[in-house]
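Listed below, chain by chain, are the residues.
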Amino acid sequence: MKPSAKLHRIYTRLLTAYGPQRWWPAETAFEVVIGAYLTQNTSWRAVEKSIANLAAAHCLTIDGLRAVPEDELRTLIRPSGYMIRKAAALKAFVAMLDRDHAGRLDLLAAQRTATAREALLRLPGVGPETADAILLYALGHPVAVVDEYLRRVVTRHGMLPAKAKYLEIQSLALSTFAGEPIESHVRHHNEFHALIVEVGKRHCGPTPRCAGCPLAEKALTPPPDAIP
Ligand code: SF4
């Protein structure tokens, strides 16, 4: 089976096992952006505390984040750690929006995917995973988010070598839904990333716990009528 077909089978298997995840857990696209920064190197529970602080201080909007002094912002996001670096990075994001897109997220979203991705990657505190999470979940672009959970699944199931680079894994994930209309591409990548995170949390950690995992090899064996 081709790696892209195998990955598609994994997606179907996870969707059947866990159901739609309906990510991202946020009220607005801009809140998704904030969450994508805050979730770096910390748990989502810690992010929720910071988000609650930001909401109480009316800082979950572009205007609110622009207005809040940086030292106050650090205090608000303290629960999610790295507050100095993350506060500066969030301020830099708003500065980029103001400078290049009239302070509007929708104008950044209207850029071509490659252009928006390059703009994001030029910002401090934004690596490929954060850029792609913002592109997919906040800006609605058809990209695949590559994280450690996806790396483990594709390498442990023999689709790519253990040292595969980010773009190799992303290319495989993108090929899984190739040829579909852009809307379903976005929807599938949205669900796919969320489902991979779920199986990663439940089973595919640093040490795999394959017993009971919906992706255990037996479950992935193609049905007899699919074997040529
Ligand atoms: S826990 Fe095992 S079966 Fe599940 S995804 Fe990881 S390697 Fe595959």
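The residue numbers shown here count from 1 along each chain, following its written sequence. It should be noted that, the model being predicted, local features are given only for residues of pLDDT at least 70 and side-chain atom pairs only at 80 or more, the latter also being counted only at that level, while totals for whole chains, interfaces and linings use all residues. Here the side-chain values reflect all heavy atoms present in the structure, with hydrogen atoms and water set aside.

The name an unreviewed UniProt entry gives the chain is DNA-3-methyladenine glycosylase III, with Acidipila rosea as the organism. Taken from UniProt, the Sequence similarities (unreviewed entry) comment for the chain reads in full: "Belongs to the Nth/MutY family." UniProt positions are given in the numbering used here, feature names are shortened, and annotations may be inferred rather than shown by experiment.

## Regarding the domain arrangement of the chain
For the chain, the domain assignment lists domain 1 (3–22 + 144–220) and domain 2 (29–138). Of the residues lining the interface, 12 residues belong to domain 1; the matching set on domain 2 comes to seven residues. Joining two parts hides part of their accessible area as seen by a 1.4 Å probe, and the buried area is that hidden amount summed over both. Buried surface at the junction of domain 1 and domain 2, summed over both partners, amounts to about 700 Å²; 64% is from carbon and sulfur atoms. Between N or O atoms, a polar contact is any pair within 3.5 Å; within protein, one atom must be a potential hydrogen donor and the other a potential acceptor, and residues adjacent in sequence are included only when both atoms are from side chains. Here domain 1 is connected to domain 2 by four residue pairs in polar contact (both at pLDDT 80 or more). For the purposes of this entry, the term helix denotes a DSSP run of H or I that reaches at least four residues, the term strand denotes a run of E that reaches at least two, and both are numbered from the N terminus. Breaking the side of domain 1 that touches domain 2 down by element, the ones donating at least two residues are helix H11 (166–176) and helix H12 (182–202). With five residues, H12 is the single largest residue contributor to the side of domain 1 that touches domain 2. For the side of domain 1 that touches domain 2, a count of residues per class yields seven nonpolar, four polar and one charged. Segmentation of the chain into domains, including their bounds, is taken from an automatic or database domain assignment. What makes two residues a contact is simply this: any of their non-hydrogen atoms within 4.5 Å. Put simply, Ala, Val, Leu, Ile, Met, Phe, Trp, Tyr, Cys and Pro go in the nonpolar bin, Asp, Glu, Lys and Arg in the charged bin, and everything else, Gly too, in the polar bin.

## Considerations on unusual backbone geometry
Backbone torsion omega between Trp 23 and Trp 24 reads 0°, so that peptide bond is classified as cis. One can find Trp 24 in the loop between helix H1 (3–18) and helix H2 (29–38). Look at His 58: it is not a glycine, yet its phi comes out positive at around 60°. The topology assignment puts His 58 in the loop between helix H3 (44–56) and helix H4 (62–67). For His 58, a relative accessible area of 64% puts it in the exposed group. Whether a residue is buried, partly exposed or exposed follows from its accessible area with a 1.4 Å probe, protein chains only, as a fraction of its type maximum: under 20%, in between, or over 50%, in that order.

## Remarks on the site of the ligand
The environment of the ligand is formed by Arg 156, His 157, His 203, Cys 204, Pro 208, Arg 209, Cys 210, Cys 213, Leu 215 and Ala 216. Residues of the shell around the ligand, tallied by class, amount to six nonpolar, two polar and two charged. Any residue with at least one heavy atom within 4 Å of a molecule or strand is counted as near it.

## With respect to the UniProt feature "domain: Helix-hairpin-helix DNA-binding motif class" (unreviewed entry) in the chain
Residues given the UniProt feature "domain: Helix-hairpin-helix DNA-binding motif class" (unreviewed entry) here are residues 118–137. The straight-line gap between the two end C-alpha atoms of residues 118–137 is 17 Å; of that span, 70% is helix and 0% is strand.

## A look at the pattern of salt bridges
A pair is scored as a salt bridge if a Lys or Arg side-chain nitrogen falls within 4 Å of a carboxyl oxygen belonging to Asp or Glu. In total, this model carries seven salt bridges according to the counting rule given. Here Arg 66 and Asp 63 are joined by a salt bridge, their closest N and O atoms 2.7 Å apart. Placement of both Arg 66 and Asp 63 in helix H4 is noted, with a separation of three residues, approximately one turn of the helix. Using a relative accessible area of 36% as the deciding quantity, one classes Arg 66 as partly exposed.

## Quick look at the nonpolar core
Working definition of a nonpolar core: buried Ala, Val, Leu, Ile, Met, Phe, Trp, Tyr and Cys residues. They are joined through side-chain atoms within 4.5 Å. Phe 93 and Leu 120 are the most contacted members of the largest nonpolar core, which has 44 residues in total. For this core, the two domains that each supply at least three residues are domain 1 (3–22 + 144–220) and domain 2 (29–138). When sequence neighbours within four positions are dropped, the list of residues in contact with Leu 120 reads Phe 93, Met 96, Leu 108, Val 126, Ala 131, Ile 134 and Leu 135. By size, the runner-up hydrophobic cluster in this structure holds 25 residues, among which are Tyr 18, Leu 172, Ala 173 and Cys 213.

## Focus on helix H9 (residues 128–138)
Since one α-helical turn is 3.6 residues long, residues separated by three or four positions face the same way. Across the 11 residues that make up H9, a large majority, nine, are buried. Every buried residue of H9 is accounted for by Thr 130, Ala 131, Asp 132, Ala 133, Ile 134, Leu 135, Leu 136, Tyr 137 and Ala 138. Looking at the buried residues of H9, the elements they touch are H2, helix H8 (113–121), H11 and H12. Where H9 terminates, the next one or two residues include Gly 140, which has phi positive at roughly 70°.

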